[in-house]
Amino acid sequence: MADCIFCKIAKGEIPAEKVYEDEQIIAFNDINPVAPTHVLIIPKEHIPTLDALADDKIELVSRMVQAARKIARERGVHESGYRTLINCNKDAGQEVFHLHLHVIGGRKLGPMA
Ligand code: 5GP
Ligand code: ZN
């Protein structure tokens, strides 16, 4: 999608600190990290929200979670703990309308709202 910031990151049109990539997904450091580890994992394809993901593409989420596990191990937060999070639509506070999984760790996290 032409004016989507995460599509531009996926295409290399704007810079990001990339931490993982395969044929379908890419992961990069969040520009405004809330913890020492704050990585965003996105599909390369433009999918606006978790709700908009087609049922027959649900394996994409497994792939994203598998990447989260790998990144957590690489960062050494797999045993201390980390949080994976997908905000979907307005009430969740989704700001970027290109599906993304947050991986947040490296400090004690507070309870969820
Ligand atoms: P949301 O609230 O939509 O779940 O999260 C969007 C996330 O994207 C935020 O944590 C925000 O800091 C991050 N973000 C927004 N724009 C950019 C950008 O241009 N580059 C990177 N690396 N992260 C971004
Ligand atoms: Zn996009």
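A quick note: this is a predicted structure, and the numbers were derived from the prediction, not measured.

(A) Spatial organisation of the pairing of strand E2 (residues 25-29). Most of E2 sits out of view: four of its five residues are buried. Two strands pair when backbone bridges link them, and strand E1 (residues 18-21) and E2 are joined in this way by three bridges, in the antiparallel orientation. Within the sheet, the bridge partner assigned to Tyr20 lies in E2 and is Ala27. Counting the residues in the hairpin turn of E1 and E2 gives three residues. With five bridges connecting them, E2 and strand E3 (residues 37-43) associate as antiparallel partners. Bridging across to E3, Ile25 finds its partner in Pro43.

(B) Region of interest: the site of ligand 1. In the region of ligand 1, 16 residues are neighbours, and Asp30, Asn87, Glu95, His100 and His102 sit closest. Glu95 is positioned such that a nitrogen or oxygen atom in its backbone is 2.6 Å from an oxygen atom of ligand 1. Here Val96 contributes a backbone N or O atom positioned 2.9 Å from an oxygen atom of ligand 1. Summarising the interface, the protein chains cover 84% of the accessible area of ligand 1, which totals 520 Å² for the free molecule. No other element matches helix H1 (residues 5-10), which puts three residues into the shell around ligand 1. Looking at the shell around ligand 1 residue by residue, the classes come out as seven nonpolar, seven polar and two charged.

(C) Seen up close, helix H2 (residues 59-75). Between its first and last C-alpha atoms H2 spans 24 Å; for 17 residues at 1.5 Å apiece the expected length is 24 Å, and the two agree. Lining the buried residues of H2 we find E1, E2, E3, strand E4 (82-85) and strand E5 (101-105). Once H2 ends, the next one or two residues include Gly76, with phi positive near 75 degrees.

(D) Representation of the sheet that holds E5. Pairing in this open sheet of five strands is antiparallel, and the strands run E1-E2-E3-E5-E4 from one edge to the other. Bordering the open sheet on either side are E1 and E4, each of which pairs with just one other strand. Along the sheet, successive strands turn relative to each other by an average axial angle of 15 degrees, direction set aside. Against the sheet, H2 touches E1, E2, E3, E4 and E5, its axis set at about 155 degrees to E3.

(E) Structural view of the pattern of salt bridges. Within the structure shown, the criterion is met by six salt bridges. With its nearest N and O atoms 2.8 Å apart, the salt bridge here joins Lys44 to Glu21. Note that Lys44 is positioned in the loop between E3 and H2 and Glu21 in strand E1, a separation of 23 residues in sequence. Judged by relative accessible area, which is 29%, Lys44 ranks as partly exposed. The class of Glu21 is partly exposed, set by a relative accessible area of 37%. With its nearest N and O atoms 3.1 Å apart, the salt bridge here joins Arg63 to Asp22. Taken together, the positions of Arg63 in helix H2 and Asp22 in the loop between E1 and E2 put the pair 41 residues apart, joining distant regions of the chain. For Asp22, a relative accessible area of 12% gives the class buried.

About the thresholds
- Residues numbered from 1 in each chain as written.
- Chains lettered and ligands numbered in written order.
- Predicted model: local features only at pLDDT ≥ 70, side-chain atom pairs only at ≥ 80, totals over all residues.
- Heavy atoms only, no water.
- Buried < 20%, exposed > 50% of the residue type's maximum accessible area, 1.4 Å probe, protein only.
- Helix = DSSP H or I, 4+ residues; strand = E, 2+ residues; numbered from the N terminus.
- Pairing = 2+ DSSP bridges.
- Near = heavy atom within 4 Å.
- Polar contact = N/O pair within 3.5 Å; in protein donor to acceptor, adjacent residues only side chain to side chain.
- Areas by Shrake-Rupley, 256 points an atom, 1.4 Å probe, with all protein chains shown as cover.
- Nonpolar A, V, L, I, M, F, W, Y, C, P; charged D, E, K, R; others polar.
- Expected span 1.5 Å × (residues − 1).
- Contact = heavy atoms within 4.5 Å.
- Axes fitted to C-alpha atoms, helices over the stretch in contact; angles between N-to-C directions.
- Salt bridge = Lys/Arg side-chain N within 4 Å of Asp/Glu carboxyl O.

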